[in-house]
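The lines below spell out each chain.
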Amino acid sequence: MTLAQATTTEAEPMRIGEYLLGHLRTYGLLFALIAIMIFFQISTSGTLLRPVNITNLLLQNSYIIIMALGMLIVIVSGNIDLSVGSVMGFVGALAAVMIVQLDVPYLLAIVICLVVGGLIGAAQGYWVAYWKIPSFIVTLAGMLVFRGLSLLLLEGQSVGPFPREFQALANGFVADVFPAGIGQTFAAMFGARQVNVLALGVGIIAAVAIVWSGLRARARNRAYGVVDEPRAFFIARNVIVVGAIVFIMFKLSTFRGLPNVLITMGVLTMIYAFLTERTVLGRRVYALGGNQKAAKLSGIKTERLTFLAFVNMGVLAAAAGLVFAARLNTATPKAGFALELDVIAAVFIGGASMSGGVGTIVGAVVGAFLMGVLNNGMSIMGIGIDYQQMIKGLVLLAAVIFDVYNKSKQG
Amino acid sequence: MSALLEMRSITKTFPGVKALDEVSLTVREGEIHALVGENGAGKSTLMKVLSGVYPAGSYEGEIHYSGGLAEFRNIADSEKRGIIIIHQELALVPLLSIAENLFLGNEQASRGVINWHGTFRRTEELLHKVGLREAPTTLVGKLGVGKQQLVEIAKALSKEVRLLILDEPTAALSESDSQALLDLLLELKAQGVTSIIISHKLNEVRRVADSVTVIRDGATVSSMDARTQEITEDAIVRDMVGRDMAHRYPARRRVAKDVLFEVQNWNVWHPEQSDRQVIKSANLKVCAGEVVGIAGLMGSGRTELAMSIFGRSYGQNISGSARIKGQEVDVSRVDRAIDAGLAYVTEDRKSLGLILEEPISRNVSLAHLQGVSQNGILNDNLETEVAERYRKAMNIRTPSVFQKVMNLSGGNQQKVVLSKWLFAEPGVLILDEPTRGIDVGAKFEIYGIINELSAMGKGVLMISSEMPELLGMCDRIYVMNEGALVGELTAEEASQERIMSLIVTE
Ligand SMILES: Nc1ncnc2c1ncn2[C@@H]1O[C@H](COP(=O)(O)OP(=O)(O)OP(=O)(O)O)[C@@H](O)[C@H]1O
Ligand SMILES: [Mg+2]
């Protein structure tokens, strides 16, 4: 065996091709998202990227993304959770009953709901982790049970409306902390009606942070001689990501500013990305999904970890249920129906593997957005729900086929 | 006799790795040809090229087979021409019977309906041929590795084999099973079957091979022909590692100290059959700085003993006490056993030792993540450094520590498992077949590491089916038979004969 010299001596274009081939999955997803956005931007004659629609898009997909974070961990650990849609609906119903009918203070109700979500996750995780009952079956049962429970709880009726403070969970916006004068100056500069300086500022800070951490990782890789991303790619990728973030945040800032859920989503995404990539706990989940026996023989408490993955999923499903109820301003018995499929699809589109051990938070979030843009774009175009379903199904299939093909290619 | 197979200037590259660099191999009709070389030299890769696992076009060079240029697009192609490969990792379905496995993908059927009568009759014939006395309906999972290997060969024979390729067939076999297998190869040769055998056990190579090809770093170093010259192990070793090796075992300085690790009255019952006792009141001790061996036949309960001690990873109703430095320790869970200072290097690296989809670095740190993190937050730089350190110390052949373990050669995977447990800094290491599938040079390195560990005052408990290895390395050897430790020999007393007689007399 000799190390091929190709990596150091051959011409740059060759390297880029080789690199792209090796990382087709990561870029493929990003390119697909961009391509789909451009397509809808054109075919909806600009409606897709209107500030109001971007805001809508974020609000509409927030609960999917929140659940995708938990689902990614469940799937990476080698399991699946089919009950999240029902649990989400059930928790929304619970919140409605408590707040609207029983006059429980909304903050207390939120806490109770999150705890209940955790308990539901624990109840399901217990059977999966300690009794080794396949998660597919346990959560299939859970799906039916909680769907029934929501019906029971709401007595088949819709319950609402919620107090304003609770609604703000989903529909509120963060007030601009900067003096109005600055915003007006910017607005004049960009020819917009108004500019929310906070939103724009957060966008710029996020962009800078992404570039900075990217540069740091790159420097580190270089120091360890890792075959890393060609410079052209690094720059192109960062320009696209930064451009997209600043663009979207600018658009938001010309509308009503930062939606509360965007903050929730952003913070949760960062927390979970950190948890999965940078902590011992996260590493152990990947090991568990990669080879349960080897993980166990390495001293990892595989049962407890599986259990915790489900508890976490339960809490996030509850959080999503609260956001969903707040957004619709009412809890309906049908809430969350079949939503688990969108969540699971998002995670697989994001590159997770059915057999566990593979997948990223960022991938899952991008996957969720991809589904979201598809939904949103097709709705604006007036495509019927029948075709929408078919198209989404085909996209999921294509993404997974692409994965498998890619893997066989790398050998 | 003419050449049946000629592989000319075969070059095969993987991303970042040139696994084969203009390798040539000539195999004569009707001979047993041994292919030897260090871990990662490219032996398995060469055979995968030959058998169509890597299809024509994915490598450079030419294969001439049976008088014509051969371009196999897949395994089915090469099988049609009588080339059958038995891979380093067995590919049988444990939940199917022997008969079903033998004819998997080649079912004896008419119009889609399986002819069971014919299947069983053919199976019996084939089993008779390979000398395996088992019913065709026996589930493969119930057989030991040795017998599974024979099933693989029977499967090959069911397919009109002309050229049989065996990739390390005896690595997981006991001495007697290996002998039986080699005898079978000689018998097949008498019937006109040509074979290529890859092995790290050079005494076997010398015994059966008519010619030997040595490859090193992806290139052919030498070819020896038993008809024209005498093939000696020393000559093979020299070509393999590129230098003379005077000794197979590094010198050991014996330092007997206080008792470090002690297991008393250890009883274990079978995990499924609760009335079957697998380990019967075993007592053993390991002193600081001591290397203690456990000898025994396959299935004598050595692995079961080790795994039951290591966090009750095997069996049920386990009773007995474990002490470290005289203090009773809790080894009832793997993490507790690790905390107590134990490490267990499994014999089954693929399914119990490694996460194949993950890179070397993450495998090395897995059993000791505290060592690469602060407050639960991983330090990637440190992790990479650690992996680099072990890559150098253990001489793991790989372009980088970010390579997926899946892409390493078998021997290098073994080194990764060892690295993982060395990094956990245990006081007592239980090594289960630590040199399985490892080349002579690397074995010497691993023995050196074992000696270093013992010089540091650690205790080493070594399970091995290679008796010379136990005799060469251990200060004391326990002999195990049918779940009981039936004897104990010091290095001076021990010999192959005495160990065997202890096993037999019980
Ligand atoms: N799919 C792959 N991707 C990348 N590298 C690979 C792949 N398969 C093999 N290699 C590399 O090619 C080299 C040769 O591997 P090979 O498995 O042929 O070695 P080997 O001679 O059979 O060794 P061993 O005695 O340890 O089994 C090794 O360095 C290995 O890491
Ligand atoms: Mg090999």
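Here is a short report on the structure shown in this document.

What counts as what
Residues numbered from 1 in each chain as written. Chains lettered and ligands numbered in written order. Predicted model: local features only at pLDDT ≥ 70, side-chain atom pairs only at ≥ 80, totals over all residues. Heavy atoms only, no water. Axes fitted to C-alpha atoms, helices over the stretch in contact; angles between N-to-C directions. Helix = DSSP H or I, 4+ residues; strand = E, 2+ residues; numbered from the N terminus. Parallel < 35°, antiparallel > 145°, perpendicular 65-115°, else oblique. Contact = heavy atoms within 4.5 Å. Nonpolar A, V, L, I, M, F, W, Y, C, P; charged D, E, K, R; others polar. Pairing = 2+ DSSP bridges. Core = buried A, V, L, I, M, F, W, Y, C linked by side-chain atoms within 4.5 Å. Buried < 20%, exposed > 50% of the residue type's maximum accessible area, 1.4 Å probe, protein only. Domains from an automatic or database assignment. Near = heavy atom within 4 Å. Polar contact = N/O pair within 3.5 Å; in protein donor to acceptor, adjacent residues only side chain to side chain. Areas by Shrake-Rupley, 256 points an atom, 1.4 Å probe, with all protein chains shown as cover. Buried area = accessible area lost by both parts, 1.4 Å probe. Salt bridge = Lys/Arg side-chain N within 4 Å of Asp/Glu carboxyl O. Phe/Tyr/Trp six-rings, centres within 6.5 Å; stacked < 30°, edge-to-face > 60°. Lys NZ or Arg CZ within 6 Å of the ring centre and 35° of its normal.

1. Some words on the packing of helix 8 (residues 164-171) of chain A against helix 15 (residues 302-328) of chain A
Residue and element names in this part refer to chain A.
Move 1: The contact between helix 8 and helix 15 brings their axes to 7 Å, and the two run at 110°. By the angle class used here, helix 8 and helix 15 are roughly perpendicular. Mapping the contact onto sequence places Phe166, Gln167, Leu169, Ala170 and Asn171 in helix 8 and Leu322, Val323, Ala325, Ala326 and Arg327 in helix 15.
Move 2: Classifying every residue of the contact of helix 8 with helix 15 by side-chain character gives 7 nonpolar, 2 polar and 1 charged.

2. Quick look at the sheet that holds strand 10 (residues 194-198) of chain B
Residues and elements named next belong to chain B.
Move 1: Strand order in the open sheet formed by 6 strands is 6-9-10-3-11-12, with mixed pairing between adjacent strands. Of all strands in the sheet, those bounded by a partner on one side alone are strand 6 (83-86) and strand 12 (219-225). For this sheet the average axis-to-axis angle between neighbouring strands, irrespective of direction, equals 15°.
Move 2: Judged from the 6 bridges that link them, strand 11 (residues 211-216) and strand 12 form a sheet pairing that is antiparallel. Looking across to strand 12, one finds that Val214 is bridged to Ser222.

3. A word on the nonpolar core
Move 1: By size, the foremost hydrophobic cluster in this structure holds 107 residues, and its most contacted members are A:Ile66, A:Met67, A:Met71, A:Leu72, A:Ile75, A:Phe166 and A:Val347.
Move 2: It is helix 4 (residues 51-76) of chain A that provides the largest number of residues to this core, a total of 17 residues.
Move 3: A domain-level breakdown of this core finds at least three residues from each of domain 1 (47-172 + 265-411) and domain 2 (177-258) of chain A.
Move 4: Beyond its immediate sequence surroundings of up to four residues, A:Leu72 is in contact with A:Tyr286, A:Val347, A:Ala352, A:Gly359, A:Thr360, A:Ile361 and A:Ala364.
Move 5: By size, the runner-up hydrophobic cluster in this structure holds 86 residues, among which are A:Val280, B:Ala306, B:Ala367 and B:Ile430.

4. Brief notes about the site of ligand 1
Move 1: Surrounding ligand 1, one finds 19 residues, the nearest of these being B:Gly40, B:Lys43, B:Ser44, B:Thr45 and B:Gly411.
Move 2: Nearby residues place ligand 1 at the junction of chains A and B.
Move 3: The side chain of B:Ser44 places a nitrogen or oxygen atom 2.7 Å from an oxygen atom of ligand 1.
Move 4: Compared with its free state, where it exposes 640 Å², ligand 1 has 94% of that area covered by protein.
Move 5: When residues of the shell around ligand 1 are traced back to their parent elements, those giving at least two are helix 1 (43-50) and helix 14 (410-423) of chain B.
Move 6: In terms of residue count, the dominant contributor to the shell around ligand 1 is helix 1 of chain B (3 residues).
Move 7: Of the residues contributing to the shell around ligand 1, the split by class is 5 nonpolar, 11 polar and 3 charged.

5. Section: the interface of chain A and chain B
Move 1: Chain A puts 29 residues into the contact, and the matching count from chain B is 45 residues.
Move 2: Across the chain A/chain B interface, buried area totals approximately 3,200 Å², and carbon plus sulfur atoms make up 58% of it.
Move 3: Joining chain A to chain B, the criterion identifies 3 salt bridges.
Move 4: Across the chain A-chain B interface, the total number found is 7 residue pairs in polar contact (both at pLDDT 80 or more).
Move 5: A per-class count over the side of chain A that touches chain B returns 12 nonpolar, 8 polar and 9 charged.

6. What to know about the packing of aromatic side chains
When we look at a pair of aromatic rings, we describe it by the centre distance and by the angle of the planes.
Move 1: Throughout the structure, instances matching the rule amount to 14 aromatic pairs over all chains.
Move 2: Consider the rings of A:Phe162 and A:Phe166, whose centres lie 4.5 Å apart with planes at 35°: the pair is tilted.
Move 3: Overall, the relative accessible area of 0% leaves A:Phe166 in the buried class.
Move 4: When the ring of B:Tyr390 is compared with that of B:Phe423, the centres are 6.1 Å apart and the planes differ by 75°; the resulting orientation is edge-to-face. With B:Tyr390 in helix 13 (residues 380-394) and B:Phe423 in helix 14, this residue pair connects regions lying 33 residues apart in the sequence.
Move 5: On the accessibility criterion, B:Tyr390 (12% relative accessible area) is buried.
Move 6: Residue class for B:Phe423 comes out buried when judged on its relative accessible area of 7%.
Move 7: Through a chain of ring-to-ring contacts, the aromatic side chains of A:Tyr126, A:Trp127, A:Tyr130, A:Trp131 and A:Phe307 assemble into a single cluster.
Move 8: Against the face of A:Phe234 rests A:Arg218, its NZ or CZ located 4.9 Å from the ring centre.

Honestly, it's all geometry; don't read function into it.
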